Amino acid sequence: MFLQNTFNFSTFNFQLRNMLTKRIIPCLDIKNGRTVKGVNFVDLRDAGDPVELAEIYANEGADELVFLDITATEQRRKTLVELVMHVAEKVNIPFTVGGGISSVEDVEILLNSGADKVSINSSAVKNPQLINELAGKFGSQCIVVAIDAKQIEGEWMVHLVGGKVPTDIKLFDWAKEVEQRGAGEILFTSMDHDGTKNGFANEALAYLSELVNIPIIASGGAGTMQHFTDTFIEGKADAALAASVFHFKEIEIIDLKNELKRNNIPVRL
Amino acid sequence: MKIVIINYGAGNIQSIKFAIQRLGYEAVLSHDEVAIRNADKVIFPGVGEASSAMEMLKASGLDKVIPTLKQPVLGICLGMQLMCNSCEEGDTQGLGIFDCDVIKFDNSEKVPQIGWNQIENLKSDLFKGINDKEYMYLVHSFYVPLNDEAIATTEYGIKYASALQKDNFYGVQFHPEKSSKAGAQILQNFLEL
């Protein structure tokens, strides 16, 4: 009984403090201008067309989209810029573009093509000053720093190249540093949880959320609707990102938002 | 209808142009004084840092033009902030169209505010057909305190003015071009003023 009351009080409080909603963000992996992971949308005319998929997600109530480009050819920038233009033309919600962005020039061309935000990862670790330069030139609001980390002997360590390459940088030190350098948001992916569908890294997320005063996007581990509720309440995340649960229609965005609302989590419906 | 989006180097203007296109209109990007004066509707965008945006505006000479416009003008995000008396960001002097000052959120909430929040106390034809407490997409660290020119309010730790109007000048802190169907309706309302 006591626990129940405490819980209600804290969620009530949390709603009174502000009306900003928690965001649900589908992530699309892109290669050569096409979506990479299989998608299970019977209503798609072209299963590999990221623009069509983006429009569907926008109509279903996604709050934002992330496009992660994994193209490794010389044509990559050109195809990515074309994609960004097409998305901006059709989609009426904000979107972030990430993957291989390493210079002020890269960011400028993507923002000018219609991207709302860019996300940088390895390039920021290799050259932290890039964060200051980008925030100074374009404003913190459009600079997302993506951090991939996993636990090594109980310590959260930053990894590069999709978790393959370890560094000697501690997650929480790096998060604090990117905030100080002007990042507007942190997209934290737990490599220990990514792909498991066992839930987000809520303990690390909650610590992160208290540590810095910029929004935290939780990534890695989404499997059920309860996992989203947990990451917003226990993980104190401001937004949650997922890919396959949405692409394979294991979770419908509208159902997810209704479920979150039932759990007193503020969402846009 | 001639629609001009002021192009002075600050902002994601492509998105606004596309949003207007989705409504069936064509907008021109321009920094030419004659084109701006001859437009039926003028949109004044802006994202980024206030003092550098103001510098770019001054370099184009448009800081003298905008306050003298007679047709409906819509400032979006930083565009709206620059239409105020001053911005705390970069200690910037604004265009003085709206009689208010833009100040920074304190750290009781996360800054920047990023995401979808509600607009309420709607008081303008700009919001025709828009429900009270409709969600809009916002990204900002600085805000306009409540004042007599407010035509919408939003709450983020404190209640603040998320849209302003004075005569033919309108300003919105949120991004209608990124705010789904309701945002599109607000842009349409502006074009039909």
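Residues numbered from 1 in each chain as written. Chains lettered and ligands numbered in written order. Predicted model: local features only at pLDDT ≥ 70, side-chain atom pairs only at ≥ 80, totals over all residues. Heavy atoms only, no water.

Focus on the packing of helix α3 (residues 76-90) of chain A against helix α1 (residues 13-22) of chain B
Reasoning step 1: One way to put it is that α3(A) packs onto α1(B) with a least axis distance of 8 Å and a crossing angle of 45°. In terms of their interaxial angle, α3(A) and α1(B) are classed as oblique. Judged by residue contacts, A:M85, A:A88, A:E89 and A:K90 of α3(A) engage B:Q14, B:F18, B:Q21 and B:R22 from α1(B).
Reasoning step 2: In terms of residue class, the contact of α3(A) with α1(B) is built from three nonpolar, two polar and three charged. (Axes fitted to C-alpha atoms, helices over the stretch in contact; angles between N-to-C directions. Helix = DSSP H or I, 4+ residues; strand = E, 2+ residues; numbered from the N terminus. Parallel < 35°, antiparallel > 145°, perpendicular 65-115°, else oblique. Contact = heavy atoms within 4.5 Å. Nonpolar A, V, L, I, M, F, W, Y, C, P; charged D, E, K, R; others polar.)

Re the confidence of the model for chain A
Reasoning step 1: Looking at chain A, pLDDT values average 89 and 89% of them are 70 or higher.
Reasoning step 2: The low-confidence segment residues 1-17 of chain A (pLDDT under 50) makes twelve contacts with residues lying over four places distant or belonging to another chain. (pLDDT = per-residue confidence, 0-100.)

As for the environment of B:R37
All names here are of chain B.
Reasoning step 1: In this structure, R37 sits in helix α2 (residues 33-38).
Reasoning step 2: With 109 residues separating them along the chain, R37 and L146 place their C-alpha atoms 31 Å apart.
Reasoning step 3: If we skip the residues at most four places from it in the chain, R37 touches V65, T68, L69 and Q71.

Focus on the pattern of salt bridges
Reasoning step 1: Taken as a whole, this structure holds 24 salt bridges over all chains when the rule is applied.
Reasoning step 2: Residue A:K249 pairs with A:E60 through a salt bridge whose shortest N-O separation is 3.8 Å. You can see A:K249 sitting in the loop between α10 (244-247) and α11 (253-262) and its partner A:E60 sitting in helix α2 (residues 50-60), a full 189 residues away along the chain.
Reasoning step 3: Taking relative accessible area as the criterion, A:K249 reaches 27% and is therefore assigned partly exposed.
Reasoning step 4: We classify A:E60 as partly exposed; its relative accessible area is 22%.
Reasoning step 5: Between B:E120 and B:K159 there is a salt bridge; the shortest N-O distance is 4.0 Å. (Salt bridge = Lys/Arg side-chain N within 4 Å of Asp/Glu carboxyl O. Buried < 20%, exposed > 50% of the residue type's maximum accessible area, 1.4 Å probe, protein only.)

Details of the interface of chain B and chain A
Reasoning step 1: Listed per partner, the contact involves 32 residues of chain B and 42 residues of chain A.
Reasoning step 2: For the pair chain B and chain A, the two sides together bury roughly 3,000 Å², of which 50% comes from carbon and sulfur.
Reasoning step 3: Across the contact surface, chain B and chain A share two salt bridges.
Reasoning step 4: We note a salt bridge from A:D238 to B:K110, for which the minimum N-O separation is 2.7 Å.
Reasoning step 5: Seen at the junction of chain B and chain A, the total is 14 residue pairs in polar contact (both at pLDDT 80 or more).
Reasoning step 6: With six residues, the top contributor of residues to the side of chain B that touches chain A is strand β8 (residues 113-119) of chain B.
Reasoning step 7: Looking at the side of chain B that touches chain A, its residues break down into ten nonpolar, 14 polar and eight charged. (Buried area = accessible area lost by both parts, 1.4 Å probe. Polar contact = N/O pair within 3.5 Å; in protein donor to acceptor, adjacent residues only side chain to side chain.)

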